[in-house]
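Observations on chain architecture
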Amino acid sequence: MANGIGRKASELKQRGDRLGTRALHNPWTERLARLGYLAKGVVYAVVGVLALQVAFGAGGKTTDSKGALAALAQEGWGKALLAVVAVGMVGYVLWRVIQAWMDPDGKGTGAKGLVVRAGYLVSAAIYSALAVAAFRLVLGTGGVGAHGDPSAQSWTARLMSKPFGQALVAVVGLVIAGLGVWEILKAWKEKFRAKLRLEGLPRAEWALRICKLGILARGAVFVLIGAFLVQAALTANPRKAHGLDGALRALAAQPYGTVLLALAAAGLVAYAVYMAIEARYRRFLGA
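Only a predicted model underlies this, so the values are computations on that prediction, with no experimental measurement involved.

Another point: the pattern of salt bridges. Summed over all chains, the structure comprises 10 salt bridges. The salt bridge partner of arginine 282 is aspartate 105, with a shortest N-O separation of 3.4 Å. Of this pair, arginine 282 sits in the segment after α10 (257-281) while aspartate 105 is found in the loop between α4 (78-102) and α5 (111-139), placing the two residues 177 residues apart along the sequence. Judged by relative accessible area, aspartate 105 falls into the partly exposed class, the value being 28%. The salt bridge partner of arginine 193 is glutamate 190, with a shortest N-O separation of 3.1 Å.

Take a look at the structure:
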């Protein structure tokens, strides 16, 4: 019986590998992935611009990715753009799954490589939810709030109600903070350069500085979000958990908060530029 199960598992893996190989070499995969990077950039651009407006007293609001989708939907032209963003999110999810399964970036099967590839699957799950939210807004079958903190606090509360819930929340916080530190190191060491076809990038050095600033800013925000979750776990208070919008509001509440918020918001806009550059100049399949 064990041999039969083993053969079945092997057959399923071979079938999955064949399907993954076909998807990887399908020209539409690259097109959808590029659209996905661009869609991700649009979301970060909206979050950053709205936060910049707050920092400069020109209206706006601090919000998260779902709030950015809602903001787009409220514009006269927003639903058309939102439909493109939703399709792009689906393409991004597809690409993340292929990255995790087929490993086109050569991360390998060592411990570090498997952690990175598992992270791709987590990213796929997150952007699947965003794609669903975007499609619901386009179709008018549902909405998302302008602020994500109640959502962050509600899932934190649900997790805390489980056995070892506080520990789980702390682990999630440490993972997010660790991801932020990894992003900061990635920017500092400029590891992202290897993924780009720099010979085709105009004003490459200036563009790379903007990319570096964007990745640094996103990493710093992730560290802050992770720290809030750890604090929530240590105090057994889910109200201390904050998402992206809460992290931005926390910066604004600090001494020189306007300056800190403006820097963070500008960094998120810079990250949007990085996503646009990836959409156009990223290497695919060793190109």
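Continuing now.
Mapped onto the secondary structure, glutamine 53 falls in helix α2 (residues 27-55). The exposure class assigned to glutamine 53 is partly exposed, which follows from its relative accessible area of 30%. Here the alpha-carbon distance between glutamine 53 and alanine 265, two residues 212 residues apart in the chain, equals 9.2 Å. For glutamine 53, the contacting residues outside a window of four places in its chain are Ala58, Gly59 and Gly60.

Another point: a nonpolar patch on the surface. Among the surface-exposed residues, Val87, Val90, Phe135 and Leu139 lie close enough to one another that they form a single nonpolar patch of about 350 Å² accessible area. Elements that contribute at least two residues to the nonpolar patch include exactly α4 and α5. Checked against the element boundaries, leucine 139 lands in helix α5. Judged by its relative accessible area of 65%, leucine 139 falls in the exposed class.

Okay, the packing of aromatic side chains next. In the structure shown here, the tally under the stated rule is 6 aromatic pairs. Between tyrosine 271 and tyrosine 274 the ring centres are 5.6 Å apart and the planes differ by 65°, which places this aromatic pair in the edge-to-face class. Here tyrosine 271 pairs with tyrosine 274, and both are found in helix α10, just 3 residues apart, close to one helical turn. Tyrosine 274 matches tyrosine 271 in its accessibility class, with the two residues each being buried. Members of the aromatic cluster, connected to one another through ring pairs, are Tyr44, Phe192, Tyr271 and Tyr274.

What follows covers helix α7 (residues 165-188). In this model α7 runs 35 Å from its N-terminal to its C-terminal C-alpha over 24 residues, within 8% of the 34 Å that 1.5 Å per residue would give. Taken together, the buried positions of α7 are occupied by Gly165, Val169, Ala170, Gly173, Ala177, Gly180, Glu183, Lys186 and Ala187. In the stretch just after α7, glutamate 190 is the one whose phi turns positive, near 55°.

This part is about the side chain of serine 65. Position of serine 65 among the secondary structure elements: in helix α3 (residues 65-73). A relative accessible area of 17% means that serine 65 is categorised as buried. Discounting chain neighbours no more than four positions away, the residues touching serine 65 are Val43, Val47, Leu130 and Leu244.

Definitions and limits used
Residue numbers run consecutively from 1 along every chain, following the written order of its sequence. Thresholds applied to this predicted model are a pLDDT of at least 70 for local features of residues and 80 or more for the giving and counting of side-chain atom pairs; totals over whole chains, interfaces and linings are not thresholded and use all residues. Water and hydrogen atoms play no part in the side-chain values, which are based on all heavy atoms of the structure. Salt bridges are defined as contacts in which a side-chain nitrogen from Lys or Arg sits within 4 Å of a carboxyl oxygen from Asp or Glu. Under the scheme used here, helices are H or I runs from DSSP no shorter than 4 residues and strands are E runs no shorter than 2 residues, and both carry numbers assigned from the N terminus. Type-normalised accessible area, obtained with a 1.4 Å probe on protein chains alone, sets the label of each residue: buried when under 20%, exposed when over 50%, and partly exposed for intermediate values. Should any heavy atoms of two residues lie within 4.5 Å, those residues are counted as being in contact. Candidate patch residues must exceed 30% relative accessible area and have no salt bridge, after which like charges are joined if within 9 Å and Val, Leu, Ile, Met, Phe, Trp or Tyr side chains if within 5 Å. To measure how exposed things are, a 1.4 Å probe is used in the Shrake-Rupley method; for residues, cover is taken only from the protein chains shown. Working definition: a ring pair exists when centres of Phe, Tyr or Trp rings (six-membered ring for Trp) sit within 6.5 Å. Plane angles under 30 degrees give stacked, over 60 give edge-to-face, the rest tilted. Given a helix with a known number of residues, its expected span is that number minus one, times 1.5 Å.

Purely spatial values, then, with no claim about function.
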